[in-house]
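Residues per chain, in single letters:
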Amino acid sequence: MRNTLLFSIALSSAVALAGTAWAADRGRDGELRLLYWQAPSTMMPFLSGGTKELEASSVVIEPLARYDNDGKMHAWLAEEIPTVANGGVAEDLKSITWKIKRGIKWSDGSELTSADAVFTYEYCSHPDTGCTSSNYFNDIVSVDAVDSHTVRINFSVAKPFPYAPFVGYNAPIIQKAQFDGCIGAKAQECTEQNFNPIGTGPFKVVDFKPNDVIVFEANELYREEGKPAFSSLLFKGGGDATSAARSVLETSEMHYAWNLQVEPEILAKMAEVGKGTIIAGFGTSVERLMVNFTNPDPNLGDDRAEYLGGNNNRNPHPFLSDYAVRRALSLAIDRQILVDAGYGSAGKIGCNVLPAPAIYASDANDECKTQNVDEANHILDHAGWVRGSDGVRAKNGVRLSILYQTSTNSVRQGTQAFIKEMWKAIGVETELRNLSASVFFGGDPASPDTYQKFYADIEMYTNNFSGTDPETYMANWTCKQVSRRANTWGGGNMPRWCNPDYDALSTEMSKTADLDDRIRLAKAMNDMLMQDYAMIPLIHRGGVSAFSNVIEGPRGNEWDSELWNIADWHLK
Amino acid sequence: MDSAVIETEHRSMWTDVWRQFRKHKGALVGVFVFAFIIIAVFVGPPIHGVDPNAIDFKARNLSPEWAHPLGTDNIGHDTLAQMLAGGQVSLAVGLSAALIALILGTLIGVLAGFVKSLNGPLMRLTDVFLSLPLLPLLLVSIMLFRDTLRAAFGPETGIFLLIVGLIGVTSWMHTARIVRGDVLSIKEREFVTAAHSIGTRRHRIVFRHILPNILSPIMVSATLGIANAIITESALSFLGLGFPPDFPTWGRLLYDGTNFIQITPSRVIWPGVFIALTVLSVNYIGDGLRDALDPRLRGR
């Protein structure tokens, strides 16, 4: 074995005499070891909304276009990005035509054609498949194969941003030949196919153990010469964020570790060892406080934290419905302290709910960058909230006493402790509550502790959107999206904040194609949310990962898979 | 027995117990350590004079120094102040929960062992409790009672009562089984039969003749119960079912500190040492008490 290897190396270097560097051979660098502390349960991206599954499958299955670490779109399996200018997008914005690169082979040797893309649409749009990426295929009338390498997607409405289907790691192309029998209700039963999908990417699956480890090897038929540099890929799952960081930064057992939500001083201490590098990619994630506009009093029974209409005039929150209180709460927070204590280089002060892409970021809310306790106190005094003998402000018998909940995570509990102290300085009493993440984010309609039910005054978590277009994200805070009993708390509007002016902007945006107008609208919506303090943004968070100093290539990516450029990774 | 001794020296049962107890070196040390911990935890805070929830952002991750004898944590809390405040809660939870479990377990065990008709139903009840998965039970109870208790007693006392109650109610089963077994064997002994025959009432028999004889296993399970309650509380806090996150307990301090073991080792060492010392000293006290309370061992 070893002899054949040596022989093949000798042979290949002999062949390489002609001038191509020896270092350009596929598989020259041996094994690449990745550690994801959440283990993937399937390799089928359409049957799991989890980031870990999307990441794992992204090294095998590819989309037509992909985002880089700056959020810029690059043609991947397509020849170019279709635009109105190059004729790829129709003038009325109702169709987009992609041209697939010729000569791309699936790892089983067959050729990638437009039929695969059409099939992928049929697979994901079938109601019984349970496709978790179906929102990437919204408003599609049909997907047609114009010829063997041209796909046209026809939309029912004008799509100012037609780049959802077949773009990014949420909506890649699967092979028709392999999944033909797995459409609809049979999708979940095709375990063999779901665990070993055939792809066009730089690696192919050799062995998949659900919730444990995946072994990949280099795809011999990968379209780029000499890539990937690694002959095999070990994708290890499980553990916790701290030990994952340690295995890269301190012991160097692994080459790459993903999503390291660990206190900055712990990471810094590990990085001192000098065996690895920490990277933070900034996307759209913002850690924010959600302000409850409805009354969460348990005595209200079914109407607890329930939006009863009237633009928050019915069942209003006893004190958070007061603009002065919300503004004072925001002013009292020193966000720099929160960044330094909990995030370090992986966080920036956040004053907007829409912080990125840069063209959409508003600068109208920079008041939040500096803490102003005097001003906050002044506002509350002026609004008639008077300090009682216990130092807590009250008005008409209503005390400023806040129940503040979030998920269990030591960084979040640190933030809670700081904010409690900061609010104490303006005469606000805070009771902290932390809930297990699996319950808080679990979405069980029977549990009173979910973030959707919001049986508290303030709650804190991070939200973001993938891709680069904010339209659907900003539509989260329209009245229609209010999380309530009627939609089994499925709406995205947790603050239960309802404003017809905002709804009008959202509707306008869905009909506007011009980029400058869309930017103006997105900023206006962001400013409306921020200036009414429907949410209090705290920290613009980066995704943190670490890679070993023996390899080169990881860039981090908040817009697409962290492994988007894994074909380019190599040993130093 | 020598009748002369009885005439010259007046000895009560409890002086005998104390004499025997003093002979157990480990138990004496245990009493000393446990008393020290209790005094430190309840007398310490006014002497140290630092609010456990005060945050000093500039003093984060400090090593031990004069102002902060055990250093500070990553958000600037004084570790000593947190240790003392956490100790009050942990000890209170441990002792009260163990007491509830002890009383419930003994009551059910004695009833099951002594009253024939209750034996079956009570032991099946014990089996039911043993087979209940603890965590879902806690989840449901906390969902049902948290808001009511919070409204009635405030967030901290409400949760304290809930946690103590829940731990107590879910950890009496082993005590009950052990007690029942001992009661069953002791109630057939001659001295119990003798007591019956002279017309002693049943509750007198239980308190005068049976309980003193089964005190040792009860003591042992009670001391184990204290340790168990402290640990269970910390697990609950971690799951977000326990006390509010700004309410320190030893278990929570230990859990929060583990990631910082390289930066501020004192955050892990002290809560660990104190949990271990408490559990050990209580165990030794229990051991000593068992020897001292056992009439067959006493006086040897």
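It should be emphasised that the depicted structure is a prediction, and the values quoted were computed from it without experimental measurement.

(A) Representation of the overall build of chain A. When helices and strands are counted, chain A shows 15 helices and 21 strands. The C-alpha atoms of chain A give 26 Å as radius of gyration, which agrees with the globular expectation for 572 residues (25 Å, within 12%). C-alpha atoms of chain A, sized along the principal axes, occupy 85 × 55 × 40 Å. Within chain A, the fraction of its 572 residues that count as buried is 51%. Counting only contacts in chain A whose residues sit at least 6 apart along the sequence, the fraction spanning at least 24 positions is 67%.

(B) Spotlight on the overall build of chain B. Secondary structure summary: chain B contains 13 helices and 0 strands in total. What you see in chain B, going N to C, is helices and strands ordered as α-α-α-α-α-α-α-α-α-α-α-α-α. Counting only C-alpha atoms and orienting by the principal axes, one finds that chain B spans roughly 75 × 50 × 35 Å. When each of the 300 residues of chain B is scored for burial, the buried share is 40%. Considering only contacts in chain B between residues 6 or more positions apart, those separated by 24 or more positions represent 71%.

(C) Highlighting the confidence of the model for chain B. All names here are of chain B. A residue-level look at chain B finds 93% of positions with pLDDT of 70 or above and a mean pLDDT of 83. For the stretch residues 1–6, pLDDT sits under 50, and the model shows 0 contacts to residues farther than four places along the chain or on other chains. In the model output, the complex is listed with pTM 0.76 alongside ipTM 0.71.

(D) How the structure looks around the sheet that holds strand β6 (residues 150–155) of chain A. All names here are of chain A. Taken in spatial order, the 3 strands line up as β4-β6-β5 in an open sheet, and their pairing is antiparallel. Edge strands, defined here as strands with exactly one partner in the open sheet, are β4 (95–99) and β5 (140–147). The sheet shows a mean angle of 15° between the axes of neighbouring strands, taken without regard to direction. Pairing analysis gives 6 bridges linking β5 to β6, with the strands arranged antiparallel. For isoleucine 140, the partnering residue across the bridge sits in β6 and is phenylalanine 155. Here helix α3 (residues 114–125) sits on the sheet and contacts β5 and β6; the angle it forms with β5, its principal contact strand, is near 165°.

(E) Examining the interface of chain A and chain B more closely. Between chain A and chain B, the residue contacts involve 25 residues of the former and 21 residues of the latter. Of all elements in the fold, only α7 (264–271), α9 (335–342), α11 (410–424) and β17 (429–435) of chain A reach the threshold of two or more residues within the side of chain A that touches chain B. A class-by-class count of the residues in the side of chain A that touches chain B yields 10 nonpolar, 8 polar and 7 charged.

(F) Molecular detail of helix α6 (residues 134–153) of chain B. Residue and element names in this part refer to chain B. With 20 residues, α6 extends just 25 Å between its outermost C-alpha atoms, more than 12% less than the 28 Å of an ideal straight helix rising 1.5 Å per residue. In the structure, α6 departs most strongly from a straight axis at phenylalanine 145, where the bend amounts to approximately 45°. Where α6 terminates, the next one or two residues include glycine 154, which has phi positive at roughly 90°.

(G) Geometry of unusual backbone geometry. All names here are of chain A. Between lysine 227 and proline 228 the backbone carries a cis peptide bond, its omega angle lying at -5°. Here proline 228 is to be found in the loop between β8 (213–218) and β9 (232–237). Cis geometry is adopted by the peptide bond preceding proline 357, which originates at alanine 356 and carries an omega value of -5°. Along the chain, proline 357 falls in the loop between β12 (347–349) and α10 (373–382). Unusually for a residue other than glycine, leucine 93 sits at a positive phi of about 60°. Counting through the fold element by element, leucine 93 comes out in the loop between β3 (73–75) and β4. A positive phi angle, near 55°, is found at asparagine 211, a position not held by glycine. Assignment of secondary structure puts asparagine 211 in the loop between β7 (203–208) and β8.

(H) Fine view of the pairing of strand β18 (residues 458–463) of chain A. Residues and elements named next belong to chain A. Of the strand pairs in this sheet, strand β11 (residues 276–291) and β18 are connected by 6 bridges, and their pairing is antiparallel. Along β18, the bridge assignment pairs arginine 288 with tyrosine 461. As paired elements, strand β16 (residues 401–407) and β18 share 3 bridges and run parallel to each other. Across the sheet, the residue bridging to tyrosine 404 is isoleucine 458, located in β18.

(I) Representation of the nonpolar core. Counting residues in each nonpolar core, the largest one holds 156 residues, and the members touching the most others are A:Ala245, A:Ala257 and A:Val291. Looking at this core, the element that brings in the most residues is strand β19 (residues 535–548) of chain A, giving 7 residues.

(J) Region of the structure containing α9(A). All names here are of chain A. Of all 8 residues making up α9, 6 are buried, and the element is well covered by its neighbours. Every buried residue of α9 is listed here: Arg335, Ile337, Leu338, Val339, Ala341 and Gly342. Those residues of α9 that are buried are in contact with β12, α11 and β19. One or two positions beyond α9, positive phi appears at glycine 344, with a value near 60°.

(K) Quick look at the sheet that holds strand β13 (residues 386–387) of chain A. Residue and element names in this part refer to chain A. Overall, antiparallel pairing links the 3 strands, which are arranged β13-β14-β15 in an open sheet. Unpaired on one side and paired on the other, β13 and β15 (398–399) mark the two borders of the sheet. With 2 bridges joining them, strand β14 (residues 393–395) and β15 adopt antiparallel strand pairing. Bridging from a neighbouring strand, lysine 395 pairs with valine 398 of β15.

(L) Highlighting the pairing of β17(A). Residue and element names in this part refer to chain A. Most of β17 is tucked away, with 5 of its 7 residues classed as buried. Summarising the sheet, β16 and β17 pair through 7 bridges and their orientation is parallel. Opposite leucine 403, over in β17, you have glutamate 431 as the bridge partner. For the crossover from β16 across α11 to β17, the handedness is right-handed.

(M) How the structure looks around the confidence of the model for chain A. In the predicted model, chain A carries a mean pLDDT of 88, and the fraction of residues at 70 or more is 96%. Note that residues 1–22 of chain A has pLDDT below 50 and, in this model, 3 contacts with residues that lie over four places away or in other chains.

(N) Here's a closer look at the environment of A:Tyr461. All names here are of chain A. Among the structural elements, tyrosine 461 can be located in strand β18. By the C-beta count within 10 Å, which is 19 here, tyrosine 461 ends up partly exposed. Distance in space between the C-alpha atoms of tyrosine 461 and threonine 51 is 17 Å, their sequence separation being 410 residues. Sequence-distant contacts of tyrosine 461, defined by excluding residues within four places in its chain, comprise Thr406, Ser407 and Tyr451.

(O) The environment of A:Gly553, seen in detail. Assignment of secondary structure puts A:Gly553 in the loop between β20 (551–552) and β21 (570–571). A:Gly553 has contacts with A:Asn565, A:Asp568, A:Trp569 and A:His570, leaving out every residue within four places of it along the chain.

Cut-off values and rules
Residues numbered from 1 in each chain as written. Chains lettered and ligands numbered in written order. Predicted model: local features only at pLDDT ≥ 70, side-chain atom pairs only at ≥ 80, totals over all residues. Helix = DSSP H or I, 4+ residues; strand = E, 2+ residues; numbered from the N terminus. Rg over C-alpha atoms; globule rule 2.2 N^0.38 Å. Buried ≥ 20, exposed ≤ 12 C-beta atoms within 10 Å, placed from the backbone. Contact = placed C-beta atoms within 7 Å. pLDDT = per-residue confidence, 0-100. Pairing = 2+ DSSP bridges. Axes fitted to C-alpha atoms, helices over the stretch in contact; angles between N-to-C directions. Nonpolar A, V, L, I, M, F, W, Y, C, P; charged D, E, K, R; others polar. Expected span 1.5 Å × (residues − 1). Bend = angle between axes of the 7 residues up to and from the residue. Core = buried A, V, L, I, M, F, W, Y, C linked by C-beta atoms within 7 Å. Right-handed = clockwise from strand over helix to strand, strands pointing away.

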